[in-house]
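Residue-level structure breakdown
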Amino acid sequence: MSIEQSLLARSNRACELCTSSESLSVYEVPPAENHADKCIMVCSTCAAQLNGEAEIDANHWRCLNDSMWSTTPAVQIVAWRMLKKLSSEGWPQDLLDMMYLDEDMQKWAEVGMVDTSNEPTLDCNGVALQTGDTVTLVKDLNVKGANFTAKRGTPVRGISLSSNPEHIEGKVNGQRIVIISAYTKKS
């Protein structure tokens, strides 16, 4: 039996993350091994977002509320990684707090996640920022594409770090934006 056939049988011909039955394909969970235990069946929407081919839609990933309880370790790993990426949204952090991975699965889940330990993200005073911190803007910022200005003194709660140590992400006026960390001060 091929990996695809094995996964189709295991998943009942549905995406193992969102249960869609449209355009299914095999997703190898990094670090990739060509084995059914290290792969999951995903729809085209999930695959595009997992592979970085499409922008991550936080509302689509609300399906993780159910799939994180899967008995398949590879599904749990992908659910944990996506919840971790979305943790600044609020609701994913609540799900992460409920989720349990044993030590080996936790190590597997952390493989490939953004490692900011080499180059810390610093605010305007040189203070290291962490995911979940609250910062205050120290400069008025014109937000391109959203047609508003984020005013100096605006608090940005529950920031998330990016792969670039000079940028953070956070919500201002209900919009998720990228902010240059040098224009912020840790609260």
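Residues numbered from 1 in each chain as written. Predicted model: local features only at pLDDT ≥ 70, side-chain atom pairs only at ≥ 80, totals over all residues. Heavy atoms only, no water.

For the structure shown, the criterion picks out 4 salt bridges. Arg-176 is paired through a salt bridge with Glu-169; the nearest N and O atoms lie 3.3 Å apart. A relative accessible area of 30% means that Arg-176 is categorised as partly exposed. (Salt bridge = Lys/Arg side-chain N within 4 Å of Asp/Glu carboxyl O. Buried < 20%, exposed > 50% of the residue type's maximum accessible area, 1.4 Å probe, protein only.)

In the sheet, strand β10 (residues 167-172) pairs with strand β11 (residues 175-180) via 6 bridges, with the strands oriented antiparallel. Counterpart to Gly-170 in the pairing with β11 is Ile-177. If you look at the hairpin formed by β10 and β11, you'll find 2 residues sitting between the two strands, and Asn-173 has a positive phi there, around 55 degrees. (Pairing = 2+ DSSP bridges. Helix = DSSP H or I, 4+ residues; strand = E, 2+ residues; numbered from the N terminus.)

A word on the environment of Ala-48. The residue Ala-48 is located in helix α2 (residues 44-50) in this model. The residues touching Ala-48, leaving out its near neighbours within four places in the chain, are Glu-53 and Ala-54. (Contact = heavy atoms within 4.5 Å.)

Right, let's get into the layout of surface pockets. There is about 200 Å³ of room inside the second largest pocket. Lining the second largest pocket, in full, are Leu-141, Asn-142, Val-143, Lys-144, His-167, Ile-177, Val-178, Ile-179, Ile-180 and Tyr-183. Looking at side-chain class alone, the lining of the second largest pocket contains 7 nonpolar, 2 polar and 1 charged residues. (1 Å grid on protein atoms, 1.4 Å probe; cavity = no way out; pocket = protein on both sides within 12 Å on 5 of 7 lines; lining within 4 Å. Points joined across faces, edges and corners; volume = space filled by probe spheres on them. Nonpolar A, V, L, I, M, F, W, Y, C, P; charged D, E, K, R; others polar.)

Take the sheet that holds strand β12 (residues 184-186) next. Taken together, 3 strands build an open sheet; the order of strands is β8-β5-β12 and the sheet is antiparallel. Two strands bound the open sheet, and with one partner strand each, they are β8 (155-156) and β12. Sheet topology note: the strand β5 (residues 135-137)/β8 ladder contains 2 bridges and is antiparallel. Of the residues in β8, the one forming a bridge with Thr-136 is Pro-155.

Where helix α4 (residues 73-85) contacts helix α6 (residues 103-110), the two axes come as close as 9 Å, and the packing angle between them is 55 degrees. The orientation of α4 with respect to α6, classified from their angle, is oblique. Regarding α4 and α6, the two cross each other, and that crossing is right-handed. Every residue of α6 that contacts α4 at Pro-73, Ala-74, Gln-76, Ile-77, Trp-80 and Arg-81 is listed here: Met-105, Gln-106, Trp-108, Ala-109 and Glu-110. Residue classes in the contact of α4 with α6 are distributed as 7 nonpolar, 2 polar and 2 charged. (Axes fitted to C-alpha atoms, helices over the stretch in contact; angles between N-to-C directions. Parallel < 35°, antiparallel > 145°, perpendicular 65-115°, else oblique. Left-handed = near helix turned anticlockwise from the far one by under 90°.)

Further remarks concern unusual backbone geometry. Phi is positive for Arg-13, close to 55 degrees, though the residue is something other than glycine. For Arg-13, the location among the structural elements is in the loop between α1 (3-11) and β1 (25-28). Judged by its relative accessible area of 56%, Arg-13 is exposed. Of note in the backbone geometry, Asn-173 takes a positive phi value of approximately 55 degrees without being a glycine. By secondary structure assignment, the location of Asn-173 is in the loop between β10 and β11.

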